[in-house]
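Notes for the structure review
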Amino acid sequence: MNHRAVRAIYLFEMARTWRTLLQSVVSPVLSTSLYFVVFGAAIGSRITQIEGVSYGTFIVPGLIMLSILTQSVSNASFGIYFPKFSGTIYELLSAPVSFFEAVLGYVGAAASKSIILGLIILATAWLFVPLHVMHPFWMLTFLVLTAVTFSLFGFIIGVWAGNFEQLQVIPLLVIAPLTFLGGSFYSINMLPEAWQTVALFNPVVYLISGFRWSFYEISDVSLGASLGITLGFLAICMATVWWIFKTGYRLKN
Amino acid sequence: MPPIISISHLSKTYGSGLKALNDVSLDIDRGEIFALLGPNGAGKTTLISIICGIANPSAGQVLVDGHDNVADYRAARSMIGLVPQELHTDAFETVWATVSYSRGLFGKKANPAYIEKVLRDLSLWDRKDSRIITLSGGMKRRVMIAKALSHEPQILFLDEPTAGVDVELRKGMWEVVRALRATGVTIILTTHYIEEAEEMADRIGVINKGEIILVEQKAALMQKLGKKQLKLHLLGTVEAIPPQLADYNLALSEGGSQLIYTYDSKAERTGITGLLAALREAGIRFHDLDTTQSSLEDIFVSLVRA
Ligand SMILES: Nc1ncnc2c1ncn2[C@@H]1O[C@H](COP(=O)(O)OP(=O)(O)OP(=O)(O)O)[C@@H](O)[C@H]1O
Ligand SMILES: [Mg+2]
């Protein structure tokens, strides 16, 4: 194991984060605050409570998940796509670094960044609404699992993408709708019955439900189902990454 | 000693169906400077990319110091530093950060003193804290060389290292390359500046249309293919070459004011003495003479045209 290489990639990617601190941290925090203002204060004042918690409080876990999902995907996809685009990937390919080590460095950095971001948003939310995390262990577990899974997913997109449009298209067309429809802003129970069934095909529902449960013990689906779907998606991403490694897909000529 | 790089029956067909390399076999000797010459699109970069692990071969094998560069890629790649032809650098990192990163990537323990030496040797020390985007093209090229040297490779690939580098710095780079060779590093370089190969290389390989058409010690190559010419500046002009000189390989030029004799410099008898005697007999007098030897460039051009 070339642990120095993993470290070098990790630190290099993290350095990129610090350099672009404004867009990497400030903008998600700002947009989350806007969500609070719009959904929490404006709309929330008309919705009294959902399953015993105020609307503003209810949406916090969903908002954090929303940011973690989109940020993990965009960080990780950009992290590996950019060297491909600029040509600096030659160095990674010519270095004594296994594909696994590269994934560890890139995905590790992207996931770390999302986790830090999630915690920052949590702290921001604290300023707006009273919060109580009933199961901190599960909260962190879901946070880390989601960040790692979607960073892997982003890595795959970054490897697959042949241009900037393709890099954007999956987050825009798949991730964003799934998260918006994934119960960030409402409980699945509030949907008409038919749509509740449809919603259960959305994996994000399970992530948000599990995450929200760790806060308030409110969930749309059981904790086991949430954990199972999350781990299942993680397994699919890992298998895909392994397949990319086996075939050298789109990284080498 | 076994060769440090042994390439056997390497072929490469790109996805487009283009055959960039066709059954290339080549050995690189330990500690030599090997210049790979060939016209645009000959397959030089493709060959280097496969050896370094950037492209997959379609067929054939590469051994780097006995390590298969695919099966045992860690051992193989650890030995190699690569300066690619295209300027692919980070933009917002500093010179110091990007060079240190390369060292880490190759699994080497951090060694600031060594990196300082590399940067100083390449006249980059005073720019170490500059972001790469603020450097000139020639400086970026040197940053790429510094990155390749950062992990103390035993083999260095330089794919057109001096393209876009000014004359003085080019000489400086040659010095760096020579100093590296003196420490035992094997160097493989490609260049379109033939005089660079002539100046630097121990051995020369010529590749054309994906095939190695010649590999030779530079000195032997120059001698073997080197034609010499004796140019006689005549007093007055000659209409035609007199029949008694027909046995000599002569040509008239400059409107009959010059007589050019082409001969083989490595031959036992060059025939110069005889020619001069014959000239005197024919009453042709000259006021000056000089000899020229064909350069590597002439040799190269004639090879690739053939
Ligand atoms: N990624 C690629 N996909 C398809 N064809 C390629 C690719 N890279 C190179 N080629 C083709 O392979 C052939 C060899 O290219 P290569 O870059 O190895 O030449 P070269 O000898 O390095 O030329 P130059 O002196 O211009 O750098 C060319 O015909 C080129 O068009
Ligand atoms: Mg080339």
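An unreviewed UniProt entry annotates chain B as ABC-2 type transport system ATP-binding protein of Rhodopseudomonas rhenobacensis. UniProt lists a comment for chain B under the heading Function (unreviewed entry), and it reads "Involved in beta-(1-->2)glucan export. Transmembrane domains (TMD) form a pore in the inner membrane and the ATP-binding domain (NBD) is responsible for energy generation." The UniProt entry for chain B carries this comment under Sequence similarities (unreviewed entry): "Belongs to the ABC transporter superfamily."

Under an unreviewed UniProt entry, the name given to chain A is Transport permease protein, and the source organism is Rhodopseudomonas rhenobacensis. Taken verbatim from the UniProt record of chain A, the Sequence similarities (unreviewed entry) comment is "Belongs to the ABC-2 integral membrane protein family."

As a further point, take the nonpolar core. Counting residues in hydrophobic clusters, the biggest one holds 148 residues, and the most contacted among them are B:Ile5 and B:Phe157. For this core, the element with the most residues is helix H3 (residues 55-86) of chain A, which contributes 13 residues. The contact partners of B:Phe157, leaving out residues within four places of it in the chain, are B:Ile5, B:Ile48, B:Ile51, B:Cys52, B:Ile80, B:Gly81, B:Leu82, B:Val83 and B:Ile188.

A word on the sheet that holds strand E3 (residues 33-37) of chain B. Residue and element names in this part refer to chain B. Taken in spatial order, the 6 strands make up an open sheet running E6-E7-E8-E3-E9-E10, and their pairing is mixed. Edge positions in the sheet fall to strand E6 (80-83) and strand E10 (211-217), since each of these pairs with one other strand and no more. Ignoring strand direction, the axes of neighbouring strands in this sheet form an average angle of 15°. Here E3 pairs with strand E8 (residues 186-190) via 4 bridges, running parallel. Bridge assignment links phenylalanine 34 to a residue of E8, and that residue is isoleucine 188.

All names here are of chain B. Counting buried residues along strand E13 (residues 258-264), 5 of its 7 residues qualify, which places the element largely inside the surrounding structure. Sheet topology note: the strand E12 (residues 250-253)/E13 ladder contains 4 bridges and is antiparallel. For leucine 250, the partnering residue across the bridge sits in E13 and is tyrosine 261. Adjacent in sequence and paired antiparallel, E12 and E13 are bridged by 4 residues, among which glutamate 254 carries a positive phi angle near 55°.

The next subject is the packing of aromatic side chains. For the structure shown, the criterion picks out 18 aromatic pairs over all chains. Measuring from ring centre to ring centre gives 5.4 Å for A:Phe137 and A:Trp138, while their planes differ by 75°; the resulting arrangement is edge-to-face. Note on A:Trp138: relative accessible area 24%, which makes it partly exposed. On the basis of an interplanar angle of 75° and a centroid distance of 6.1 Å, the ring pair of B:Tyr248 and B:Tyr261 is categorised as edge-to-face. In this pair, B:Tyr248 is assigned in the loop between strand E11 (227-234) and E12 and B:Tyr261 in strand E13, connecting sequence segments 13 residues apart. Exposure remark for B:Tyr261: the relative accessible area of 6% places this residue in the buried category.

Cut-off values and rules
Residues numbered from 1 in each chain as written. Chains lettered and ligands numbered in written order. Predicted model: local features only at pLDDT ≥ 70, side-chain atom pairs only at ≥ 80, totals over all residues. Heavy atoms only, no water. UniProt positions renumbered as here; feature names shortened; annotations may be inferred. Core = buried A, V, L, I, M, F, W, Y, C linked by side-chain atoms within 4.5 Å. Buried < 20%, exposed > 50% of the residue type's maximum accessible area, 1.4 Å probe, protein only. Helix = DSSP H or I, 4+ residues; strand = E, 2+ residues; numbered from the N terminus. Contact = heavy atoms within 4.5 Å. Pairing = 2+ DSSP bridges. Axes fitted to C-alpha atoms, helices over the stretch in contact; angles between N-to-C directions. Phe/Tyr/Trp six-rings, centres within 6.5 Å; stacked < 30°, edge-to-face > 60°.

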